[in-house]
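What the coordinates show
Single-letter residue listing:
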Amino acid sequence: MTPILRTARRWTLAVLALLLALLALCALTVFLVDPFEHYRESAILPLYDQESYNNPGIARNYDYNAVILGTSMVEMSHPSVIDEVFGVSSVKLPMRGSHTAQMGWQLTHVLDTHPLDLAILAVDAYSLMGPPDDDEEIIEYLWNDDPLDDVNYLLNADVLLVKIPKMLRSIGKPLDTKRDDMYQWTDVVFSAQSVYDSMPASAPQQEMTPADYRLERSTENIRRHLEPSIAAHPETEFIIYMPPYSVAYWFLMTRCGLSEQQFRSRARVCELLLEYPNVRIYDFSCREEWVTNLNNYFDYSHHSGEISDALMRAIAAGENRVLTVEDMERGSQRIRELVSAFDAPYP
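Residues L121, I240, V269 and L273 are the most contacted members of the largest nonpolar core, which totals 41 residues. Here L273 is in contact with I222, L226, E227, I230, I240 and V279, once residues within four sequence places are set aside. By size, the runner-up hydrophobic cluster in this structure holds 22 residues, among which are M199, F251, I335 and Y346.

Mapped onto the elements, S98 comes out in the loop between β2 (90–94) and α4 (100–113). Other than its neighbours up to four places away in sequence, S98 contacts G70, T71, Y126 and S127.

Quick look at the packing of helix α3 (residues 79–86) against helix α15 (residues 305–316) now. Think of two packed helices as two axes; the pair is described by the angle between the axes and how far apart they sit. In contact at an axis separation of 10 Å, α3 and α15 are set at 15 degrees when each is read in the N-to-C sense. When the interaxial angle is binned, α3 and α15 end up roughly parallel. Crossing handedness for the pair α3 and α15: right-handed. Counted together, V81, I82, E84, V85 and F86 of α3 and D309, M312, R313, I315 and A316 of α15 form the full contact between these two elements. Here the residues of the contact of α3 with α15 sort into seven nonpolar, no polar and three charged.

Bringing the pairing of strand β5 (residues 279–283) into the picture now. For β5, the buried fraction is high: five of the five residues fall into the buried class. Residue alternation in β5 divides its side chains into two sets, V279, I281 and D283 and R280 and Y282, and both sets are buried. Of the strand pairs in this sheet, strand β4 (residues 237–242) and β5 are connected by five bridges, and their pairing is parallel. When the bridges of β5 are listed, Y241 appears paired with Y282. Pairing geometry for β5 and strand β6 (residues 321–322), over two bridges, is antiparallel. Looking at the pairing, Y282 lines up with R321 of β6.

Turning next to a negative patch on the surface. A surface patch of negative charge is lined by D135, E136, E137 and E140. Structurally, E140 can be placed in helix α6 (residues 140–143). Overall, the relative accessible area of 39% leaves E140 in the partly exposed class.

Moving on: empty space enclosed by the protein. A complete count under the given rule lists one cavity of 30 Å³ or more for this structure. Considering the residues around the largest cavity, the lining is formed by V123, D124, A125, M242, P243, Y245, W250, R266 and S285. Considered class by class, the residues forming the lining of the largest cavity number six nonpolar, one polar and two charged.

Definitions and cut-offs
- Residues numbered from 1 in each chain as written.
- Predicted model: local features only at pLDDT ≥ 70, side-chain atom pairs only at ≥ 80, totals over all residues.
- Heavy atoms only, no water.
- Core = buried A, V, L, I, M, F, W, Y, C linked by side-chain atoms within 4.5 Å.
- Buried < 20%, exposed > 50% of the residue type's maximum accessible area, 1.4 Å probe, protein only.
- Contact = heavy atoms within 4.5 Å.
- Helix = DSSP H or I, 4+ residues; strand = E, 2+ residues; numbered from the N terminus.
- Axes fitted to C-alpha atoms, helices over the stretch in contact; angles between N-to-C directions.
- Parallel < 35°, antiparallel > 145°, perpendicular 65-115°, else oblique.
- Left-handed = near helix turned anticlockwise from the far one by under 90°.
- Nonpolar A, V, L, I, M, F, W, Y, C, P; charged D, E, K, R; others polar.
- Pairing = 2+ DSSP bridges.
- Patch = residues over 30% accessible without salt bridge, like charges linked within 9 Å, V, L, I, M, F, W, Y side chains within 5 Å.
- Areas by Shrake-Rupley, 256 points an atom, 1.4 Å probe, with all protein chains shown as cover.
- Salt bridge = Lys/Arg side-chain N within 4 Å of Asp/Glu carboxyl O.
- Lys, Arg positive; Asp, Glu negative; His and termini not counted.
- Charge placed at Lys NZ, Arg CZ, Asp CG, Glu CD.
- 1 Å grid on protein atoms, 1.4 Å probe; cavity = no way out; pocket = protein on both sides within 12 Å on 5 of 7 lines; lining within 4 Å.
- Points joined across faces, edges and corners; volume = space filled by probe spheres on them.

Here's what the structure looks like:
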């Protein structure tokens, strides 16, 4: 080998060694800081700004025996209140805009790693009609136990260059209220005006969709994503509740012709799950003093943390419990009445 070739080979090997060292340093940095808590619960306050990325680490590494799952409707929940009224240690795992398929995915993985005394499921009527195979926002490499998949995390440029620098600014911040504070909305105003401002500029009356439309989706979602965990874990109490969307939400669903199919999906939950002794179902969609007071909401759907806390205390007190399909149907009828009386912004 000529001197020039030997020199070129040495430089190539040196560059490769440097590159490998840099990659190893990047991976070590991500492993040690671990902004998504993939390996351990962090001693630095995480960002808690992306539920799809934060939830897997919380589900795997936090110490708890109770969980609350749902869409953005549970983001304002306070695990400290759940702990107080039910005598548990809980975490919340919301997934904004998700469907029942994602709830079932998380529930299955939680039960694989933690024996649960209590699982609280906020079941939105619209999410029941979502695609049963929907895995959007499920980050597989963060949920599974395959160490080879971790390269997607350890060598992730966004994690290294964006998440870690932001997280390191939280060094020294207190951790004692993090379970309550995670995913909380701090930049919104809860008021009737905010609700009206969130409604579309016009909402012409549409023909009502038949109640049984896409009922097969709701049935499949319940059968595939909720019932198996309930049946396999009789030691766990499952509390299923219908969140208290405001009357403005149900008014819009009625104007858009979607309310009756949502009412039918709510009833389907009762038809399929009430028979299980470890299931309790509650309906807060028709809790009149909450859903008609628009000052409890920052848009036509999302209620305040005070309502979240009152809801947990109401469940613990046995209020708004649904014991039969007819109970749920009476709740739906009450919603229809509240919609008829609603002072809507449209002619």
